[in-house]
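As a plain string of letters, each chain reads:
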Amino acid sequence: MRRKKKTVAMLLAGGQGSRLGVLTAEKAKPAVTYGGKYRIIDFPLSNCTFSGIDTVGVLTQYRPLELNTYIGTGSPWDLDTMSGGAYVLPPFSVGESGEWYTGTANAIFQNMGFIEQFDPDYLLVLSGDHIYKMNYKWMLAAHIEKEADATIAVIPVPLNEASRYGIMNTDETMRITDFDEKPENPKNNLASMGVYVFNWPTLKGYLIEDDTDPESDNDFGKNIIPKMLAEDEKLYAYEFGGYWKDVGTIQSLWEANMELLSATPPINLYDEAWRIFSRNPNAPPHIVDENAKVINSLVCEGCRIYGTVENSILSTGVVVEKGASVYDSIVMADTKICEGAQVDMAIIDEEAVVGKGAVIGTAHDPKQAEKVITVIGRGVCITPGETVAAGEEVRNDS
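Residues numbered from 1 in each chain as written. Predicted model: local features only at pLDDT ≥ 70, side-chain atom pairs only at ≥ 80, totals over all residues. Heavy atoms only, no water.

Caption draft 1: Geometry of the overall build of the protein chain. Regarding its fold elements, the protein chain presents 8 helices and 33 strands. Computed over the C-alpha atoms, the radius of gyration of the protein chain is 22 Å, within 12% of the 21 Å expected from 2.2 N^0.38 for a compact globule of 398 residues. Referenced to the eigenvectors of the C-alpha coordinate spread, the extents of the protein chain come out at roughly 65 × 50 × 45 Å. Residue pairs at least 24 apart in sequence account for 59% of intrachain contacts in the protein chain once pairs closer than 6 positions are excluded. (Helix = DSSP H or I, 4+ residues; strand = E, 2+ residues; numbered from the N terminus. Rg over C-alpha atoms; globule rule 2.2 N^0.38 Å. Contact = heavy atoms within 4.5 Å.)

Caption draft 2: Representation of the nonpolar core. With 40 residues, the main nonpolar core has Ile41, Leu126, Met134, Tyr136, Met193 and Val195 as its most contacted residues. With residues up to four places along the chain from it excluded, the contact list for Val195 reads Leu124, Val125, Leu126, Tyr132, Tyr136, Met139, Thr151, Ile152 and Ala153. The next biggest cluster of nonpolar side chains, apart from the first, holds 36 residues, and it includes Leu59, Phe114, Leu123 and Ile225. (Core = buried A, V, L, I, M, F, W, Y, C linked by side-chain atoms within 4.5 Å. Buried < 20%, exposed > 50% of the residue type's maximum accessible area, 1.4 Å probe, protein only.)

Caption draft 3: Layout of the sheet that holds strand E20 (residues 308–310). Sheet architecture is open: 6 strands sit in the order E17-E20-E23-E26-E29-E32, paired in parallel fashion. Lying at the two open borders of the sheet, with one neighbouring strand each, are strand E17 (293–295) and strand E32 (387–388). (Pairing = 2+ DSSP bridges.)

Caption draft 4: Quick peek at the environment of Ile115. For Ile115, the position within the fold is in helix H4 (residues 112–116). Overall, the relative accessible area of 0% leaves Ile115 in the buried class. Measuring from C-alpha to C-alpha, the distance between Ile115 and Gly57 comes to 8.4 Å, with 58 residues separating the pair along the chain. Setting aside chain neighbours within four positions, we find Ile115 in contact with Met10, Ile108, Pro120, Leu123 and Trp200.

Caption draft 5: Looking closely at the packing of aromatic side chains. In the structure shown here, the tally under the stated rule is 14 aromatic pairs. Residues Tyr165 and Trp244 carry aromatic rings whose centres are separated by 6.2 Å and whose planes lie at 55° to one another, so their mutual orientation is tilted. Highlighted residues: Tyr165 in the loop between strand E10 (150–156) and strand E11 (166–170) and Trp244 in strand E15 (residues 244–246), separated in sequence by 79 residues. Accessibility expressed as a relative area gives 11% for Trp244, which makes it buried. The structure contains a cluster of three or more aromatic residues connected by ring pairs, namely Tyr34, Tyr38 and Phe43. One residue, Arg39, lies across the ring of Tyr70, its end atom 5.0 Å from the ring centre. (Phe/Tyr/Trp six-rings, centres within 6.5 Å; stacked < 30°, edge-to-face > 60°. Lys NZ or Arg CZ within 6 Å of the ring centre and 35° of its normal.)

Caption draft 6: Unusual backbone geometry, seen in detail. Residue Asn311 is not a glycine yet carries a positive backbone phi of 50°. Turning to its location among the elements, Asn311 is positioned in the loop between E20 and strand E21 (313–314). Accessibility expressed as a relative area gives 24% for Asn311, which makes it partly exposed. The phi angle at Glu351 is positive, at roughly 60°, despite the residue not being glycine.

Caption draft 7: Looking closely at the pattern of salt bridges. Under the defined criterion, the tally for this structure stands at 18 salt bridges. We note a salt bridge from Asp119 to Lys4, for which the minimum N-O separation is 3.7 Å. In this pair, Asp119 sits in the loop between H4 and strand E8 (122–127) while Lys4 sits in the segment before strand E1 (7–12), placing the two residues 115 residues apart along the sequence. Residue Lys4 is classed as partly exposed on the basis of its relative accessible area, which comes to 47%. One salt-bridge network, held together by shared partners, links Arg39, Glu350, Glu351 and Arg378. (Salt bridge = Lys/Arg side-chain N within 4 Å of Asp/Glu carboxyl O.)

Caption draft 8: A look at the environment of Arg175. Tracing the chain through its elements places Arg175 in the loop between E11 and strand E12 (176–181). The class for Arg175 is partly exposed, based on a relative accessible area of 22%. Distance in space between the C-alpha atoms of Arg175 and Pro64 is 37 Å, their sequence separation being 111 residues. What Arg175 contacts, discounting residues up to four positions off in sequence, is Asn169, Thr170, Asp232, Glu233, Lys234, Leu235 and Tyr236.

Caption draft 9: Molecular detail of the side chain of Glu350. Among the secondary structure elements, Glu350 is positioned in the loop between strand E27 (346–348) and strand E28 (353–354). In this structure the side chain of Glu350 is engaged in a polar contact, spanning 3.5 Å, whose partner is the side chain of Arg378. Look past the residues within four positions of Glu350 in its chain and what remains in contact with it is Thr33, Arg39, Glu66, Met332, Ala333, Thr335, Arg378 and Gly379. (Polar contact = N/O pair within 3.5 Å; in protein donor to acceptor, adjacent residues only side chain to side chain.)

Caption draft 10: A look at the layout of surface pockets. Its boundaries defined by the atoms lining it, the largest pocket holds a volume of some 1300 Å³. Lining the largest pocket are 43 residues, with Lys29, Thr104, Ser127, Asp129 and Asp219 sitting closest to its centre. Breaking the lining of the largest pocket down by element, the ones donating at least two residues are helix H3 (104–110), E8, E11, E12, strand E13 (190–199), helix H7 (220–230) and E15. Residue contributions to the lining of the largest pocket peak at 4 residues, all from E13. For the lining of the largest pocket, the class distribution of residues is 14 nonpolar, 19 polar and 10 charged. Volume-wise, the second largest pocket comes out at about 340 Å³. Looking at the lining of the second largest pocket, the elements with two or more residues in it are strand E3 (38–39) and helix H2 (65–71). (1 Å grid on protein atoms, 1.4 Å probe; cavity = no way out; pocket = protein on both sides within 12 Å on 5 of 7 lines; lining within 4 Å. Points joined across faces, edges and corners; volume = space filled by probe spheres on them. Nonpolar A, V, L, I, M, F, W, Y, C, P; charged D, E, K, R; others polar.)

Caption draft 11: Looking closely at the environment of Trp100. One can find Trp100 in the loop between strand E7 (97–98) and H3. Under the relative-accessibility criterion, Trp100 is labelled exposed at 57%. Separated by 61 residues in sequence, Trp100 and Glu161 have C-alpha atoms that sit 32 Å apart. Ignoring sequence-local partners within four residues, the contact set of Trp100 consists of Gln61, Pro91, Asn106 and Gln110.

Caption draft 12: The arrangement of helix H1 (residues 42–50) in detail. Among the 9 residues in H1, 7 count as buried, and that is most of the element. Asp42, Phe43, Pro44, Leu45, Ser46, Asn47 and Cys48 are the residues of H1 that are buried. Trailing H1 by a residue or two, Gly52 shows a phi angle of about 75°, which is positive.

Here it is as structure tokens:
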């Protein structure tokens, strides 16, 4: 029996995120920590909750275990109701073997059976690796009002950065006239956010046709969108005016976190009217010793601070021992910074140990002209007295 839904969301969360280096060696990019107590995937899931979309398929592939466990039944995002839910969807298995998703469009194609059981009018396709708050209801309303076949969310970017994105060229009504994937000489600055609304019956036909094309990359940006434009379907751009951050690189992830420490953060994580929900462990309040220094930093529950923390973000359970210092850094859950250690302009993943007197990064060294980010992988143990130079990556090879 079909359970009729007006809109079903499909969240693409299987990306490897290779540009994040050691941070995604053991987990998919959407599972990476942001802002101390959140994962990147918390943002689109919370957006669905506040947009009234209660049926979300989460498509996983690369290193899915941690992400699957984190999502669970979807209860932190109120997506475990009788009428809807969050459904983790790995690549479809055929016989004794599985078939990897070959592209974003193929990921949706492989899950057409899941979508069809809800008989939706509209399909909302989301990316799992961006930081933003967006009410998808408004985008859906604009889609319906314009009688569009597809609507693509766009955001203005600096023109000198437009070549990094898929750029939508539009007429005066915001109807898309052509689409340029990472153009060398962009005609405008309207970048695709990777958020799409499709009329499901229309998209279904294109997905089936795309699957039979051996030359296709099975990708929305490279194949489906250009094909729909070529066949004169009605595609419109929906301009988003809020904060949106692609955190696909070490630099952009570090910048997005540091922006939270500014006097006026560009995104409010404490707005009760539009909360970002997450699955957090129960932890006691943090402890800051009377001799410790904590300056302009975000320190989560369960932390114990006996040294100096400045301009940094510390996730749950981080320990900074006496005489240790942490500057301009992101330290993820259950990491220990031992006595006398120095951490400077670094990202340290979960469950790492920085040994006594070790030095991570050299950004505060006046001789260091270029300040670059040092990255320490999950579970890495830096031996006492060791120095890890600025810009190095250290992974756990055990």
